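Structural characterization, general
Letter by letter, the chains look like this.
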Amino acid sequence: LHKTKDKVELKVLLKEANDFYLEKRKILNQLISENESQSVLERSAIFLFILKHNFNGIYRENSKGEINSPFNWEALNINLISFKKSILNLSELFNSFNIKFCNLDIEDFFDKVYIEHDKTFFYYDPPYINEVQNTENSYTSGGFSNEKQINLINFINKNNKYFLYSNHLNNLILENFKNYNYEIIQRKNLISPNKENRGKTISEVLI
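Residues numbered from 1 in each chain as written. Predicted model: local features only at pLDDT ≥ 70, side-chain atom pairs only at ≥ 80, totals over all residues. Heavy atoms only, no water.

1. Brief notes about the overall build of the protein chain
A count of helices and strands for the protein chain gives seven helices and four strands. Buried positions account for 26% of the 207 residues belonging to the protein chain. Once local pairs closer than 6 in sequence are excluded, the contacts in the protein chain between residues at least 24 apart make up 53%. When the accessible surface of the protein chain is summed, it comes to about 14,800 Å², and 53% of that surface belongs to carbon and sulfur atoms. (Helix = DSSP H or I, 4+ residues; strand = E, 2+ residues; numbered from the N terminus. Buried < 20%, exposed > 50% of the residue type's maximum accessible area, 1.4 Å probe, protein only. Contact = heavy atoms within 4.5 Å. Areas by Shrake-Rupley, 256 points an atom, 1.4 Å probe, with all protein chains shown as cover.)

So this is what it looks like as structure tokens:
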């Protein structure tokens, strides 16, 4: 936990930590590609490790679909007791409310999960469009293009009665949701690949 802002010095001090991180990331990608049921616990544990020690805690994939989130070059002190307690508390909370998690495309979700669609409130939180007009944020191998944004909006228009949709304030979003109420809010940008943009106030739209 040697505190220094010197990037050259950090590269030396944390070289072994970075090597360990990259080795675990490599193992995780291999386990994910094999997708064996007996490795679920190991995959989960390494995935939590990666999230705690990568840059900004962001999940990101390369063009092959492999996790490629870079190492966070800071000396972190992870409180394992507190971390374990948080996981157990969340587990108790989720189970007490019978919460289910699904990893499905939205259309598959609507087809396979029984929901009274005309009575249910949905919250949509897609990958946000960059503040620069007509560009996208890409965190997975397939990305989430503007075309996919519009397809999702069309799907919402067709299938949902009660919903909330959030994204960066963007003309593309407003144009395709022109018949709906919306509110513009201001928030701090805490996660950004560009260090200069972190902490800046940005506009977000709630449809």
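Following the structure, the description resumes.
2. With respect to the packing of helix H2 (residues 15–34) against helix H3 (residues 40–53)
Close contact between H2 and H3 brings their axes to 10 Å; oriented N to C, the two are set at 140°. It follows from the interaxial angle that H2 and H3 lie oblique. For the element pair H2 and H3, the recorded crossing hand is left-handed. Within the contact between the two elements, H2 uses Phe 20, Tyr 21, Lys 24, Arg 25, Ile 27, Leu 28, Leu 31 and Ile 32 and H3 uses Glu 42, Arg 43, Ile 46, Phe 47, Phe 49, Ile 50 and His 53. Of the residues assigned to the contact of H2 with H3, the class counts are 10 nonpolar, one polar and four charged. (Axes fitted to C-alpha atoms, helices over the stretch in contact; angles between N-to-C directions. Parallel < 35°, antiparallel > 145°, perpendicular 65-115°, else oblique. Left-handed = near helix turned anticlockwise from the far one by under 90°. Nonpolar A, V, L, I, M, F, W, Y, C, P; charged D, E, K, R; others polar.)

3. Describing the side chain of Asn 72
Its location among the elements puts Asn 72 in the loop between H3 and helix H4 (80–96). Given a relative accessible area of 13%, Asn 72 falls into the buried group. Sequence-distant contacts of Asn 72, defined by excluding residues within four places in its chain, comprise His 53, Asn 54 and Phe 55.

4. A few points about the pattern of salt bridges
Within the structure shown, the criterion is met by three salt bridges. Between Glu 204 and Arg 187 there is a salt bridge, and its shortest N-O distance comes to 2.3 Å. Highlighted residues: Glu 204 in strand S4 (residues 201–206) and Arg 187 in strand S3 (residues 183–188), separated in sequence by 17 residues. Relative accessible area serves as the criterion here: at 7%, Glu 204 is assigned to the buried category. (Salt bridge = Lys/Arg side-chain N within 4 Å of Asp/Glu carboxyl O.)

5. Digging into the environment of Ile 27
Among the structural elements, Ile 27 can be located in helix H2. With 16 residues separating them along the chain, Ile 27 and Arg 43 place their C-alpha atoms 8.8 Å apart. Apart from the residues within four sequence positions on either side, Ile 27 is in contact with Glu 42 and Ile 46.

6. Considering unusual backbone geometry
For Asn 35, which is not a glycine, the phi torsion comes out positive at approximately 55°. Mapped onto the fold, Asn 35 is located in the loop between H2 and H3. By relative accessible area, Asn 35 is classed as exposed at 55%. Positive phi outside glycine occurs at Asn 56, with the angle close to 65°. With respect to the helices, strands and loops of the structure, Asn 56 is situated in the loop between H3 and H4. Classification of Asn 56 by relative accessible area gives partly exposed; the value is 24%.

7. Considering H2
For H2, with 20 residues, the first-to-last C-alpha span of 29 Å sits near the 28 Å given by 1.5 Å per residue. For H2, the complete set of buried residues consists of Asn 18, Tyr 21, Arg 25, Leu 28, Asn 29 and Leu 31. Looking straight down H2, one finds its buried side chains confined to an arc of 160°; they lie on one side. The exposed set on the far side of H2, more than 90 degrees from its buried face, consists of Glu 16 and Lys 26. Buried residues in H2 make contact with H3. Just downstream of H2, Asn 35 is the residue with a positive phi angle, here 55°. (Expected span 1.5 Å × (residues − 1). Arc of directions from axis to C-beta.)

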